[in-house]
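For reference, the chains in residue letters:
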Amino acid sequence: PGGRITISLGSALLREQAFTRHVSHELRTPLSILNNSLAILRLPGCGADKAARSLLRMEGALAAMKMTIELFLSLARESSPPRQESTDLAAVIVEQIEKSELLYPLIASASVFIGTEPLTLPASEAIARSVVQNLLGNAAQHGAGKVRVILTRQHLVIINNRVEQASSQGYGFGLEIVSRACALTGWQLDIRRTRHTFRACITFI
């Protein structure tokens, strides 16, 4: 019995450490966007157009933080049977691409989405949004600008070009979160890196 208690406490500690790492990773970007946008709004010469763009970015950052909280509440309940939900993944992708382009303006003219027909899957909307947001965020932050999103009835594929010398450290926690979310949903995640591309493929099982 004592051994089982020790193992259980050790597992709980590992889960708590992983949770802390994940929350820190997920909230860092939206908090940075909020700080930067507030700094712009406080500038004496901040014009109406610049203020409007800053407010939009702040709204996007707050929405991302809300989604992060929903995701981790879902992951915290992973030992319980998941609620029965259906999500239009195509609509989620379109929504998240628009938000990513707002948060990362450099990819606004460099993203391509193929597959706009509705695709309803048995999955939590919070988890589906977080999966797409994380993969798009990684592509925007750590890629070299171009992002291609392909959605079929069987797969979601997100490909971005990458600079060979660029550090890939930022992929770690985001992909760990995506991996856990996919496992909870019953999806299969496959990651492939080459010298010039990064490819994430999710198969709906």
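Look up a bit, the structure's there.
Residues numbered from 1 in each chain as written. Predicted model: local features only at pLDDT ≥ 70, side-chain atom pairs only at ≥ 80, totals over all residues. Heavy atoms only, no water.

Caption draft 1: Representation of the overall build of the chain in the model. A count of helical and extended segments in the chain gives five helices and seven strands. Burial statistics for the chain: of 205 residues in total, 36% are counted as buried. At a minimum sequence separation of 6, the contacts of the chain that also span at least 24 residues come to 72%. A total accessible area of about 11700 Å² is found for the chain, and carbon and sulfur atoms account for 58% of it. (Helix = DSSP H or I, 4+ residues; strand = E, 2+ residues; numbered from the N terminus. Buried < 20%, exposed > 50% of the residue type's maximum accessible area, 1.4 Å probe, protein only. Contact = heavy atoms within 4.5 Å. Areas by Shrake-Rupley, 256 points an atom, 1.4 Å probe, with all protein chains shown as cover.)

Caption draft 2: Broad picture of the environment of Ala126. Relative to the elements of secondary structure, Ala126 occurs in helix α4 (residues 125-142). We classify Ala126 as buried; its relative accessible area is 11%. Separated by 39 residues in sequence, Ala126 and Thr87 have C-alpha atoms that sit 9.3 Å apart. Setting aside residues up to four positions removed in sequence, Ala126 forms contacts with Met67, Glu70 and Leu71.

Caption draft 3: Examining the packing of helix α3 (residues 89-103) against α4 more closely. Across the interface, α3 lies against α4 with an axial gap of 9 Å and an inter-helix angle of 40°. Classified by the angle their axes make, α3 and α4 are oblique. Viewed along their axes, α3 and α4 form a crossing whose handedness is right-handed. Here Leu89, Val92, Ile93, Glu95, Gln96, Ile97 and Ser100 of α3 come into contact with α4, specifically with Ala128, Arg129, Val132, Gln133 and Leu136. Split into classes, the residues belonging to the contact of α3 with α4 amount to seven nonpolar, three polar and two charged. (Axes fitted to C-alpha atoms, helices over the stretch in contact; angles between N-to-C directions. Parallel < 35°, antiparallel > 145°, perpendicular 65-115°, else oblique. Left-handed = near helix turned anticlockwise from the far one by under 90°. Nonpolar A, V, L, I, M, F, W, Y, C, P; charged D, E, K, R; others polar.)

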